[in-house]
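Inside the fold
Residues per chain, in single letters:
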Amino acid sequence: MKKFLSIVAVGLLSLTAFEGMSQNKNKVIAHRGAWKNTGVTENSIGALEHAIKLGCYGSEFDVHMSADSVIYVLHDHSIKGTHIEKTNSQELSQIKLEDGTALPTLEAYLKAGAKQKKTRLILEIKTSSMGKERSLALATKCVEMVKKLKVEGITDYIAFDFDVCKKVKELAPKAHVEYLNGDKTPDEIQAAGLDGIDYNQNVLKKKPEYIADIRDKKLTTNVWTVNDEESMKWFLEKGVDYITTNEPELLLKITK
């Protein structure tokens, strides 16, 4: 009887481990969330929730810091003629997105993401329009907020500024950090202690050898922003780890 129970216990543990491994092991990262086919605004909490509902591996989003150091989720430096970095949070809190919801703070966005554990939060630290020091300050604030809300386990970081990527690794050595700008070789990425590349599709189409080189170094390859079926299949055949897309539904259909 004891032997039988042991076998059952091992089987259950194996099943649990398998289920954990199989959760969202697709390659789909929703670019600014799942918004294009859902009727919500890009980079909104609704777009994140749709990406989670779809079962995407990750949901990418962008952040900027207000004049009084509150972090907001938005791709552009400005919204409705209001420059995020030159405006206080009191004024920014009154702004509504196209779908009628509030311009989300990083705190609100991470709290929404923290309600689940299957879809990763791919946090892009935007390069400041006001200089390097402010970009690094934003990186520091982001890491602090992620730690404060205890979402380190589901949050990855990306940035176009190489120094910002290195700053995040300095502050959070265990964090997964990928570089976006496309001008560093796999050797340079590895030497900087980063975890991979997240390059524009045109960069990787011109230098497909980067994909194999990164894989050989046991680092990760992400590619943006791939929206057509032909390109998706090309990158899947090349063995990239992740594809960032405005068409997560299409990519999920292909990968299934």
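Just so you know, these numbers come straight off a predicted model, no measurement behind them.

Observations concerning the packing of aromatic side chains
Counting across every chain of the model gives 6 aromatic pairs. Ring geometry for W234 against F235: centres 4.8 Å apart, planes inclined by 90°, an arrangement best described as edge-to-face. When its relative accessible area of 27% is taken as the criterion, W234 is described as partly exposed. Of the aromatic side chains, those joined through ring pairs into one cluster are F162, Y179 and Y199. Residue placement shows K184 over the ring face of F162; its charged tip is 4.7 Å from the ring centre.

Here's the deal with the pattern of salt bridges
Scanning all chains against the criterion turns up 15 salt bridges. Residue D163 pairs with K132 through a salt bridge whose shortest N-O separation is 2.8 Å. In this pair, D163 is assigned in helix α6 (residues 162-171) and K132 in helix α5 (residues 132-148), connecting sequence segments 31 residues apart. With a relative accessible area of 38%, K132 lands in the partly exposed category. Note that E170 and K167 form a salt bridge whose closest N and O atoms lie 3.6 Å from each other.

Considerations on the packing of helix α10 (residues 229-238) against helix α11 (residues 248-255)
The geometry of α10 relative to α11 is characterised by a closest axis approach of 11 Å and an angle of 50° between their N-to-C directions. As summarised for this structure, α10 and α11 are arranged oblique, according to the angle between their axes. The handedness of the crossing between α10 and α11 comes out as right-handed. Contacts between α10 and α11 involve E229, M232, K233 and L236 from the first element and L250, L251, I254 and T255 from the second. Tallied by class, residues from the contact of α10 with α11 come to 5 nonpolar, 1 polar and 2 charged.

Rules used throughout
- Residues numbered from 1 in each chain as written.
- Predicted model: local features only at pLDDT ≥ 70, side-chain atom pairs only at ≥ 80, totals over all residues.
- Heavy atoms only, no water.
- Phe/Tyr/Trp six-rings, centres within 6.5 Å; stacked < 30°, edge-to-face > 60°.
- Buried < 20%, exposed > 50% of the residue type's maximum accessible area, 1.4 Å probe, protein only.
- Lys NZ or Arg CZ within 6 Å of the ring centre and 35° of its normal.
- Salt bridge = Lys/Arg side-chain N within 4 Å of Asp/Glu carboxyl O.
- Helix = DSSP H or I, 4+ residues; strand = E, 2+ residues; numbered from the N terminus.
- Axes fitted to C-alpha atoms, helices over the stretch in contact; angles between N-to-C directions.
- Parallel < 35°, antiparallel > 145°, perpendicular 65-115°, else oblique.
- Left-handed = near helix turned anticlockwise from the far one by under 90°.
- Contact = heavy atoms within 4.5 Å.
- Nonpolar A, V, L, I, M, F, W, Y, C, P; charged D, E, K, R; others polar.

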